[in-house]
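Residues per chain are reported as follows:
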Amino acid sequence: MLKREMPPVHPGEILKTLFMESLGLGIKETAQYLDVTPKTVSALVNGHQGISAEMALRLSKAFGTTGDIWINMQKDYDLWNARKHVDLDKVRIISRGKKNAA
């Protein structure tokens with residue numbers, strides 16, 4: 001039986017549903033708290049932009065979390081998507097102490 005992995009939720013969706021909506025915050029108000037533009041918050045919550053280390057720090061301070069939580073959500077999301085699109089068939093394993101000819 002094939003293992004079917006559920007895709008992780010984009011961290012912007014977590015920001016939107018668990019933080020902004022639960023606190024009654026809109027895009028503009030969240031942007032003001034984070035000291036970024038509304039366009040930045042909009043791109044994030046709509047999944048068009050990922051969470052940078054800088055944004056992770058802003059979110060951690062504003063919402064009382066850690067930057068690691070946000071970075072790890074983004075990492076999990078990015079790796080899951082990469083596994084679906086990156087072809088590793090031609091990538092070769094490098095052996096220690098042995099150079100492989102091209």
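Scope of this entry: the structure provided in the associated data block. Here the structure is a predicted model, which means the values were calculated and not measured.

### Brief notes about the nonpolar core
Move 1: Within the largest apolar cluster, 18 residues are counted, with the highest numbers of intra-cluster contacts made by Leu-15, Val-41, Ile-51, Met-55, Leu-59 and Trp-70.
Move 2: If you list the elements that add at least two residues to this core, you get α1 (11–23), α2 (27–34), α3 (38–45), α4 (53–63) and α5 (67–85).
Move 3: Excluding residues that lie within four positions of it along the chain, Ile-51 makes contacts with Pro-11, Leu-44, Ala-56, Leu-59, Trp-70, Ile-71 and Gln-74.

### Focus on α3
Move 1: Those residues of α3 that sit buried are Thr-40, Val-41, Ala-43, Leu-44 and Val-45.
Move 2: Where α3 is buried, its residues touch α1, α2 and α4.
Move 3: A positive phi of about 75 degrees marks Gly-47, the residue just after α3.

Rules used in this analysis
Residues numbered from 1 in each chain as written. Predicted model: local features only at pLDDT ≥ 70, side-chain atom pairs only at ≥ 80, totals over all residues. Heavy atoms only, no water. Core = buried A, V, L, I, M, F, W, Y, C linked by side-chain atoms within 4.5 Å. Buried < 20%, exposed > 50% of the residue type's maximum accessible area, 1.4 Å probe, protein only. Helix = DSSP H or I, 4+ residues; strand = E, 2+ residues; numbered from the N terminus. Contact = heavy atoms within 4.5 Å.

These figures come from the coordinates and say nothing about function on their own.
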